[in-house]
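The chain contents come next:
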Amino acid sequence: MTGPDDDSRSMRERMLAGDLYLADDPDLVEAYLRAQDLTTAYNATTARERDRRHELLGELLGAVGEDTGIRPPLHVDYGSQVTIGARSFVNFGLVALDVAPIVIGDDVQIGPNVQLLTPLHPLEAGPRRDKWESARPIEIGDNVWLGGGVIVCPGVTIGPNTVVGAGSVVTRDLPAGVLAVGNPARVVRELPA
């Protein structure tokens, strides 16, 4: 990871590379404000405004697959780094902090109040006080089910066909086809195909 003082790249370039950056950079602030405008509009829609919801998600997110539904409220940092596949369902209250990419596969079920958290802050007091941060991507495979209140931490990959029990905190990668529960989430058994 490149340090905060020895890099000539823009803050956006640093952020996209997963290196330390400052979020109060004017370019990043504008991208954040755009995303907040779009999520505010999205969250104000009614269940009868399906076409408007789809239109707003198309503007906000990096990609949204066919027949995918996301129930408001939805909260993102930038939105543009979130991609979600086809036929997926996201229940109320998703928090997707997409400082790094968040890739959600096809046929994924996400329970209410799930948090997908890519940001990281330095452990050292000085850089943290100076507001430096970085991020690691999250990847959720096809046909995954995240129960209500699941928290997925930075840099985690969840393999296809895996189920994560409600309230679990996923701090490490999970393989395909397992049931994982707890804090931190641990594999308790393999699931039938």
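Above this text sits the structure in question.
Described in the following lines is the structure provided in the data block. If you're wondering where the values come from, they're calculated on a predicted model, not measured in any experiment. (Residues numbered from 1 in each chain as written. Predicted model: local features only at pLDDT ≥ 70, side-chain atom pairs only at ≥ 80, totals over all residues. Heavy atoms only, no water.)

With that settled, consider the overall build of the chain. Assigned secondary structure in the chain consists of four helices and 20 strands. Against the globule reference of 16 Å for 193 residues, the chain gives a C-alpha radius of gyration of 17 Å, in line with a compact fold. Once the C-alpha set of the chain is aligned to its principal axes, its extents read approximately 50 × 40 × 20 Å. Here the chain holds 193 residues, and the buried ones make up 45% of them. The contacts of the chain with a sequence gap of at least 6 include a subset with a gap of at least 24, amounting to 26%. Looking at the chain as shown, the accessible area adds up to about 9900 Å², and 52% of this sits on carbon and sulfur atoms. Here the chain contributes 17 positive and 27 negative side-chain charges, whose respective centroids are spaced 7 Å apart. (Helix = DSSP H or I, 4+ residues; strand = E, 2+ residues; numbered from the N terminus. Rg over C-alpha atoms; globule rule 2.2 N^0.38 Å. Buried < 20%, exposed > 50% of the residue type's maximum accessible area, 1.4 Å probe, protein only. Contact = heavy atoms within 4.5 Å. Areas by Shrake-Rupley, 256 points an atom, 1.4 Å probe, with all protein chains shown as cover. Lys, Arg positive; Asp, Glu negative; His and termini not counted. Charge placed at Lys NZ, Arg CZ, Asp CG, Glu CD.)

Right, let's talk about helix 2 (residues 26-43) for a bit. Because an α-helix packs 3.6 residues into every turn, residues spaced three or four apart end up facing the same way. Taking 1.5 Å as the rise per residue, helix 2 with 18 residues should run 26 Å; its terminal C-alpha atoms sit 25 Å apart, in good agreement. Here helix 2 has its buried residues at Leu-28, Ala-31, Ala-35, Gln-36, Leu-38, Thr-39 and Tyr-42. If you follow the buried residues of helix 2, they end up packed against helix 1 (11-17), strand 1 (21-22), helix 3 (50-60), strand 3 (69-70) and strand 4 (74-76). At the N-terminal boundary of helix 2, the capping side chain belongs to Asp-25, with an oxygen 3.1 Å from the backbone nitrogen of Asp-27. (Expected span 1.5 Å × (residues − 1). Polar contact = N/O pair within 3.5 Å; in protein donor to acceptor, adjacent residues only side chain to side chain.)

We now examine the sheet that holds strand 18 (residues 169-170). Taken in spatial order, the five strands line up as 4-7-10-15-18 in an open sheet, and their pairing is parallel. Bordering the open sheet on either side are strand 4 and strand 18, each of which pairs with just one other strand. Strand direction decides the pairing type here: strand 15 (residues 151-152) and strand 18, joined by two bridges, are parallel. In the sheet register, Val-152 faces strand 18, and the bridge partner there is Val-170. (Pairing = 2+ DSSP bridges.)

A few words on the pattern of salt bridges. Side-chain pairs of opposite charge can arise whenever the charged atoms involved come near each other. A complete count under the given rule lists six salt bridges for this structure. A salt bridge links Asp-19 to Arg-9, with the shortest nitrogen-to-oxygen separation between them at 2.6 Å. Here the residue Asp-19 occupies a position in the loop between helix 1 and strand 1, and Arg-9 occupies one in the segment before helix 1, the gap between them amounting to 10 residues. With its nearest N and O atoms 2.7 Å apart, the salt bridge here joins Arg-52 to Glu-55. Taken together, the residues span about one helical turn, with Arg-52 and Glu-55 both in helix 3 at a distance of three residues. When salt bridges that share partners are traced, they join Asp-7, Arg-9, Arg-14 and Asp-19 into one network. (Salt bridge = Lys/Arg side-chain N within 4 Å of Asp/Glu carboxyl O.)

A few words on the side chain of Arg-53. Its location among the elements puts Arg-53 in helix 3. Buried and without a salt bridge, Arg-53 has Glu-49 as its closest oppositely charged side chain, separated by 6.3 Å. Ignoring sequence-local partners within four residues, the contact set of Arg-53 consists of Tyr-42, Thr-45, Thr-46, Ala-47 and Pro-72.

Here we take up helix 3. Within helix 3 the residues assigned to the buried category are Arg-53, Leu-56, Leu-57 and Leu-60. Down the axis of helix 3, the buried set is contained in an arc of 100 degrees. They therefore lie on one face. Exposed residues lying more than 90 degrees from the buried face of helix 3 are Asp-51 and Gly-58. Among the structural elements, helix 2, strand 2 (63-64), strand 3 and strand 4 are those in contact with the buried residues of helix 3. (Arc of directions from axis to C-beta.)

To continue, consider unusual backbone geometry. Here the bond from Pro-72 into Pro-73 is cis, since omega is 5 degrees, no more than 30 degrees from zero. One can find Pro-73 in the loop between strand 3 and strand 4. In this structure, Pro-184 follows Asn-183 across a cis peptide bond, with omega equal to 0 degrees. By the secondary structure assignment, Pro-184 is in the loop between strand 19 (178-181) and strand 20 (186-190). Not every positive phi belongs to a glycine, and Asp-67 is a case in point at roughly 60 degrees. For Asp-67, a relative accessible area of 58% translates into the label exposed. Non-glycine residue Asp-107 carries a positive phi angle of around 60 degrees. Along the chain, the position of Asp-107 falls in the loop between strand 8 (102-104) and strand 9 (109-110).

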